[in-house]
Amino acid sequence: MTRPALLPLSLALGSLALIASASAPAFEAERQQGGVTLHYQDASEAVPAAVRDRIIETFFKAYLPERQDFHPAAPTTVNIVIDPDYDGVAYVGEKSQAATITINPAWLAKHPGDTDLVTHEAMHIVQGYPEYANERVPGWLVEGIADYVRDRYGVDNAAAGWALPTTIKDGQNFDTGYRVTGAFLKWSEARHPGLVKTLDSALRSGGYTPQLWQKHTGHTLPALWAEYAKALPRG
Ligand SMILES: [Zn+2]
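Attention in this report is confined to the structure presented alongside it. Think of each chain on its own: its residues are numbered from 1, step by step along the sequence as written. Local features in a predicted model are, by the rule used here, given only for residues with pLDDT of at least 70; side-chain atom pairs are given and counted only at 80 or more, and totals for whole chains, interfaces and linings are based on all residues. Hydrogen atoms and water are omitted, and side-chain values are computed over all heavy atoms in the structure.

Some thoughts on the packing of aromatic side chains
Here comes step 1: Two rings from Phe, Tyr or Trp (for Trp, the six-membered ring) form a pair when their centres sit within 6.5 Å of each other. Planes less than 30 degrees apart are called stacked, planes more than 60 degrees apart edge-to-face, and all others tilted. Taken as a whole, this structure holds ten aromatic pairs when the rule is applied.
Here comes step 2: Taken together, the ring pairs connect Phe 184, Trp 187, Trp 213, Trp 225 and Tyr 228 into an aromatic cluster.
Here comes step 3: The criterion for a charge sitting over a ring is simple: Lys NZ or Arg CZ within 6 Å of the ring centre, and within 35 degrees of the ring normal. Between the NZ or CZ atom of Arg 52 and the centre of the ring of Phe 27, over which it lies, the distance is 3.3 Å.

Description of the pairing of strand E5 (residues 100–103)
Here comes step 1: For the exposure calls, accessible area comes from a 1.4 Å probe over protein chains only, and a residue counts as buried if that area is under 20% of its type's maximum, exposed if over 50%, partly exposed in between. Note on conventions: DSSP H or I runs of at least 4 residues are helices, E runs of at least 2 residues are strands, and numbering of each starts at the N terminus. A two-sided burial pattern is seen for E5, the buried positions comprising Thr 100 and Thr 102 on one face and Ile 101 and Ile 103 on the other.
Here comes step 2: A pair of strands is labelled paired if DSSP reports no fewer than 2 bridges between them. Direction of pairing for strand E3 (residues 77–82) relative to E5: parallel, over a ladder of four bridges. Looking across to E5, one finds that Val 81 is bridged to Thr 102.
Here comes step 3: Summarising the sheet, strand E4 (residues 90–92) and E5 pair through three bridges and their orientation is antiparallel. Bridging across to E5, Tyr 91 finds its partner in Thr 102.

Brief notes about the coordination of the zinc ion
Put simply, a metal with four donors set out as a tetrahedron has ideal angles of 109.5 degrees, and one with six donors set out as an octahedron has ideal angles of 90 or 180 degrees.
Here comes step 1: Ligating atoms shown are N, O and S within 2.8 Å of the metal, or 3.2 Å for Na, K and Ca, and water is not included, meaning a site may look less than complete. All of the protein donors around the zinc ion are His 120 (NE2), His 124 (NE2) and Glu 143 (OE); their distances to the metal are 2.0 to 2.1 Å.
Here comes step 2: Positions of the donor residues of the zinc ion along the chain correspond to the pattern H-x3-H-x18-E. Residue His 120 is located in helix H5 (residues 117–127), and its partner Glu 143 is located in helix H6 (residues 139–153); the two are separated by 23 residues in the primary sequence. Taken individually, His 120 and Glu 143 each receive the classification buried, so the pair is uniform in this respect.

Re unusual backbone geometry
Here comes step 1: Look at Glu 45: it is not a glycine, yet its phi comes out positive at around 45°.
Here comes step 2: As for its placement among the helices and strands, Glu 45 is situated in the loop between strand E2 (36–42) and helix H3 (49–70).

Describing helix H10 (residues 221–231)
Turn by turn, an α-helix covers 3.6 residues, leaving residues three or four places apart pointing in a common direction.
Here comes step 1: Within H10 the residues assigned to the buried category are Leu 221, Leu 224, Trp 225, Tyr 228 and Ala 229. One face of H10 carries all of its buried residues, which in axial projection span an arc of 135°. Pointing more than 90 degrees away from the buried face of H10 are the exposed residues Lys 230 and Ala 231.
Here comes step 2: Throughout, a contact is declared for two residues whenever any of their heavy atoms are within 4.5 Å. Structurally, H10 contributes buried residues whose contacts are with H6, helix H7 (178–191) and helix H9 (211–217). Throughout, the arc means that of the directions going from the helix axis to the C-beta atoms.

Treat this as a map of the structure, not an account of what it does.
Set out below in structure tokens:
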């Protein structure tokens, strides 16, 4: 397949690039740890060995406890695929792709310290919710839990300059998602232990409703957020 984005580089390298593509480098590895098998594929060897080793190490350090703590029946075989054609950061797909983490190597080249993106994506495999982005499985909560978990299980979030926010900005709400919801979950979990596990298992079983927050914490979701927002400095 043609990759227009790589064309200028190929032109610049001229015949050298042709020779290189004739014997295209490829890296594939299989690693096992804690009853989990990881298949790592980088068809164009786009990620340097040092970053690759940290990704693999981070995967096991994050996925094994995430799986044990939230969903011990989560997949025991996982794929990490480095895909230069993917222009986002990283994602976990649905159905046959539900145990595959796809990573854009250009992102890692620009942010080599961000290997804990794997910690967030690995949680999506553990989540394994039957749906995404609807009333039963709200996208903001799915992503908020994955960032809550990145904060809790991350190997070196500081290397990426990544942290949950400690202030509130205008316009933010419980459903802002990602780190904003992750920080709200962390604060709520500290006051109402077991909340995140309760939400996670309800999302997996199809039993999630907003009333679950009230049942577990004694506050409606908007009231709990209001309390949280009052406790934090404006940023
Ligand atoms: Zn995500």
